[in-house]
Amino acid sequence: MKKYNIAVVGASGAVGEELFRVLEEVKFPIENLLPLASARSVGEEIECQGKSYKIEELTDEVFVDKEIDIAFFSAGGSISAKFAHHAVESGAVVIDNTSHFRMDPKVPLVVPEVNPQDIELWEDTGIIANPNCSTIQMVQLLKPLHDLYGIKRVDVSTYQAVSGAGKAGMEELVKQMQDFFAFKLSESECNAFAHQIALNVIPHIDVPQENGYTKEEMKMVNETAKIMGTDFALSATCVRVPVLRSHSESITITFENDVNVSVEKAREVLNDFENVTVIDDMSKNEYPMPIIATDTDETYVGRIRKDLFADNILHIWGVADQVRVGAATNAVRIAQKWIQMENN
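Residues numbered from 1 in each chain as written. Predicted model: local features only at pLDDT ≥ 70, side-chain atom pairs only at ≥ 80, totals over all residues. Heavy atoms only, no water.

Provide a residue-level description of helix α6 (residues 263-272), including the pertinent values.
Looking at α6, one finds that the buried residues are Val-263, Ala-266, Val-269 and Leu-270. Looking straight down α6, one finds its buried side chains confined to an arc of 135°; they lie on one side. Opposite the buried face of α6, at more than 90 degrees from it, the exposed residues are Glu-264 and Asp-272. Turning to α6, the residues buried within the fold contact α3 (133-149), β12 (276-278), β13 (299-306) and β14 (313-320). (Buried < 20%, exposed > 50% of the residue type's maximum accessible area, 1.4 Å probe, protein only. Helix = DSSP H or I, 4+ residues; strand = E, 2+ residues; numbered from the N terminus. Arc of directions from axis to C-beta. Contact = heavy atoms within 4.5 Å.)

Set out below in structure tokens:
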């Protein structure tokens, strides 16, 4: 099997660290690995597939003569905006985990289980965008149901873990919980979030927009339409919860007016869909939860039930590890699909 020279931008961040784990677990065909980060991380060592690599500084020239085949970017939109084109110019395909390129009409926005065909559009810019974490796990559940019945409208409320805000978010929750047990919670600082996150929920993720929604909520609306190539209505409410890892979503799906939903059929197509697992037995207290999803590459779905008042409405509950499924794993799956297409 051909091996590839890989670069990871944001190597010391939460998603970067997870990328190395996923690359190792899937036995990705790596010839050489170039971890890149800011100057303060230079010299730190990364281990992957039994080898050790030292982090180098991300600069305008770092991709020159490196012969990188695939460059994963996970260091923030401003970094991707500044450096991604340097990787492309050097001959690499860029798989970008930030929001910077997602809505660029020339850049494919890909969830491999949902729209793998769009990967072929990468040559227009040399870039493939990785969607928002909440969008990824949601469209994995919407796709088989849309194919089955035809979706008319989606209403989703998210319960997003603090790791969605990176290492700083996780550290803030842990510190505040430590302060709580030390009877010092009132002294805790709130830096990663607008309010105390320990023992609280915050219905505010990302920047408020003029329409009353937040940027995070509008990402889900706009990205879903681009990925699925549909124009059904979608409304999102995104909430930060005091969970370390894995996002949960309560999704209400309204199908076309003439649809009479079958829970059994819905459960069947969801369970048959790639990388989706149904856990749905209330009598045994079995349903998806963050502690089940964390450190896995599956999107879990349960609480599948028909609406009490309308035959064409279905309610479901989905959970996935947003650092993996919502970022690192999806990026690696894009790379794997890209390799398959390049070799065909």
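Outline the pairing of strand β2 (residues 30-37), supporting the account with residue identities and numerical values.
Of all eight residues in β2, six are buried; the element is thus mostly enclosed. Taken together, the six bridges between strand β1 (residues 4-9) and β2 define a ladder with parallel strand orientation. Bridge pairing in β2 links Val-8 to Pro-35. For the crossover that starts at β1, traverses helix α1 (residues 14-25) and ends in the parallel β2, the hand is right-handed. As judged from the two bridges shared by β2 and strand β5 (residues 56-57), these two strands associate in the parallel manner. (Pairing = 2+ DSSP bridges. Right-handed = clockwise from strand over helix to strand, strands pointing away.)

Please provide a residue-by-residue account of the environment of Thr-237, values included.
Here Thr-237 is to be found in strand β10 (residues 233-240). When its relative accessible area of 37% is taken as the criterion, Thr-237 is described as partly exposed. Expressed as a C-alpha distance, the spacing of Thr-237 and Thr-214, which sit 23 residues apart in the sequence, is 8.4 Å.

Pulling in residues and values, what's your account of the packing of α1 against helix α8 (residues 324-343)?
Any two packed helices are characterised by how steeply their axes cross, that is the angle between the axes, and by the distance between the axes. Axis separation between α1 and α8 bottoms out at 9 Å; the angle between their running directions is 50°. Classed by the angle they form, the pair α1 and α8 counts as oblique. Crossing hand, α1 versus α8: right-handed. Taken together, the residues of α8 that come into contact with α1 (itself represented by Val-15, Glu-18, Leu-19, Arg-21, Val-22, Leu-23 and Glu-25) are Arg-324, Ala-327, Ala-328, Thr-329, Ala-331 and Val-332. Residues belonging to the contact of α1 with α8 are distributed by class as follows: eight nonpolar, one polar and four charged. (Axes fitted to C-alpha atoms, helices over the stretch in contact; angles between N-to-C directions. Parallel < 35°, antiparallel > 145°, perpendicular 65-115°, else oblique. Left-handed = near helix turned anticlockwise from the far one by under 90°. Nonpolar A, V, L, I, M, F, W, Y, C, P; charged D, E, K, R; others polar.)

Before we move on, can you summarise the side chain of Arg-333 with the specific residues and values?
Residue position: Arg-333 is located in helix α8. Beyond its immediate sequence surroundings of up to four residues, Arg-333 is in contact with Pro-112, Glu-113, Gln-140, Asn-275 and Asp-297.

Lay out the packing of aromatic side chains in plain terms, naming residues and giving numbers.
Taken as a whole and judged by the stated rule, the model has six aromatic pairs. Ring geometry for Trp-122 and Trp-338: centres 5.5 Å apart, planes at 80°, overall edge-to-face. In this pair, Trp-122 is assigned in the loop between β7 (93-96) and β8 (127-129) and Trp-338 in helix α8, connecting sequence segments 216 residues apart. Note on Trp-122: relative accessible area 14%, which makes it buried. Between Phe-180 and Phe-181, the ring centres sit 5.1 Å apart and the planes meet at 75°, which makes this aromatic pair edge-to-face. (Phe/Tyr/Trp six-rings, centres within 6.5 Å; stacked < 30°, edge-to-face > 60°.)

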